[in-house]
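Summary of structural features
Single-letter residue listing:
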Amino acid sequence: METSESEIIEADVTTHTENEQDENGESSENPVREAEKPEKLFKLPLSRIKHIMKMDPDTKHSTQEAAFLIAKATELFLGSLATEAYKQASQAKRKTIQKKDIDSAINCIDSLAFLEGVLE
């Protein structure tokens, strides 16, 4: 089962409104939306991202939006890397991703060339 990048992005985007307003401004509750809990827009902890950002001596201040964008970009990057590693594992008829699958994904995709030798 392959998932495209757009499907991953669509799965991450959720609406956070539980009540809808009609034309008069009155709210009408939607029982379907009440049963669903809104998902977080990101899964990495922002406090940890901010801490890592502050470790850089060139960065003195960072906004909440910058930390959010870095968290989201990191999640998308890791999702893409995991998808490519899964493709390598699938070609070897395995369901479990191993280190060699990540290495193969890095070697096969030119845009990941900057990661060569990182896992050693």
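Provided above is the structure to which this section pertains.
Residues numbered from 1 in each chain as written. Predicted model: local features only at pLDDT ≥ 70, side-chain atom pairs only at ≥ 80, totals over all residues. Heavy atoms only, no water.

1. Here we look at the pattern of salt bridges
Selection rule: Salt bridge, as used here: a side-chain nitrogen of Lys or Arg that lies within 4 Å of a carboxyl oxygen of Asp or Glu. Helix and strand definitions here come from DSSP, where helices need a minimum of 4 consecutive H or I residues and strands a minimum of 2 consecutive E residues; each element is numbered from the N-terminal end. Think of it in three bands: residues with accessible area under 20% of the maximum for their type are buried, residues over 50% are exposed, and the middle band is partly exposed, with areas taken using a 1.4 Å probe on protein chains only.
Scanning the entire structure with this criterion turns up four salt bridges. Its salt-bridge partner being K87, residue E84 comes within 3.4 Å of it at the nearest N-O pair. With E84 and K87 both in helix α4 (residues 64–91), this residue pair falls three residues apart, about one helical turn. The class of K87 is partly exposed, set by a relative accessible area of 32%. One salt bridge in this structure joins D101 and R94, with 2.7 Å as the shortest N-O distance.

2. Focus on the packing of helix α3 (residues 46–54) against α4
Counted only if it meets this: For helices, the axis comes from a line fit to the C-alpha atoms of the stretch in contact; other axes are also lines fit to C-alpha atoms, and the angle between any two N-to-C directions lies between 0 and 180 degrees. In what follows, roughly perpendicular refers to angles from 65 to 115 degrees, roughly parallel to angles under 35, roughly antiparallel to angles over 145, and oblique to any angle outside these ranges. Contacts were defined at the residue level, with two residues in contact if any of their heavy atoms lie within 4.5 Å. By the convention adopted, Pro, Cys, Tyr, Trp, Phe, Met, Ile, Leu, Val and Ala count as nonpolar, Lys, Arg, Asp and Glu as charged, and the other residues, Gly among them, as polar.
At their nearest, the axes of α3 and α4 sit 9 Å apart, and the two run at 105° to each other. Here α3 is positioned roughly perpendicular relative to α4, judged by the angle of their axes. On α4, the residues touching L46, I49, K50 and M53 of α3 are Q64, A66, A67, F68, I70 and A71. For the contact of α3 with α4, the per-class residue count stands at eight nonpolar, one polar and one charged.

3. Topic: the side chain of Q88
Within the secondary structure, Q88 sits in helix α4. By relative accessible area, Q88 is classed as buried at 16%. Residue contacts for Q88: discarding those within four places in its chain leaves D101, S104, A105 and C108.

4. Things to note about the environment of L112
With respect to the helices and strands, the residue L112 is situated in the segment after α5 (99–108). Look at L112 and you get buried, because its relative accessible area is 8%. When residues no more than four places from it in sequence are discounted, the contact partners of L112 are F77, L81, A105 and I106.

5. As for the packing of aromatic side chains
Each aromatic ring pair is specified by the distance between its two centres and by the angle formed by the two planes. Stated formally: Ring pairs shown here join Phe, Tyr and Trp side chains whose ring centres sit within 6.5 Å, with only the six-membered ring taken for Trp; geometry is labelled stacked below 30 degrees between planes, edge-to-face above 60, and tilted in between.
Summed over all chains, the structure comprises one aromatic pair. Pairing F77 with F114 gives two aromatic rings, centres 6.2 Å apart and planes at 35°, and the pair type is tilted. Taken together, the residues span a long stretch of sequence, with F77 in helix α4 and F114 in the segment after α5 at a distance of 37 residues. Note on F114: relative accessible area 58%, which makes it exposed.

6. Notes on the nonpolar core
Rules: As used in this record, nonpolar core signifies buried Ala, Val, Leu, Ile, Met, Phe, Trp, Tyr and Cys residues forming a set joined through side-chain atoms within 4.5 Å.
Counting residues in each nonpolar core, the largest one holds five residues, listed as L46, I49, M53, A67 and A71. Elements supplying a minimum of two residues to this core: α3 and α4. Of all the elements, α3 adds the most residues to this core, at three residues. Among all residues touching A67, those that are not within four sequence positions of it are L46, I49, K50 and M53.

7. Structural notes on α3
What counts, and what does not: Throughout, the arc means that of the directions going from the helix axis to the C-beta atoms.
Residues of α3 that are buried include every one of L46, I49 and M53, and no others. Buried residues of α3, seen end-on, are gathered within an arc of 60° and therefore sit on one face of the element. Away from its buried face, by an angle of more than 90 degrees, α3 presents the exposed residues S47 and K54. Buried residues belonging to α3 abut α4.

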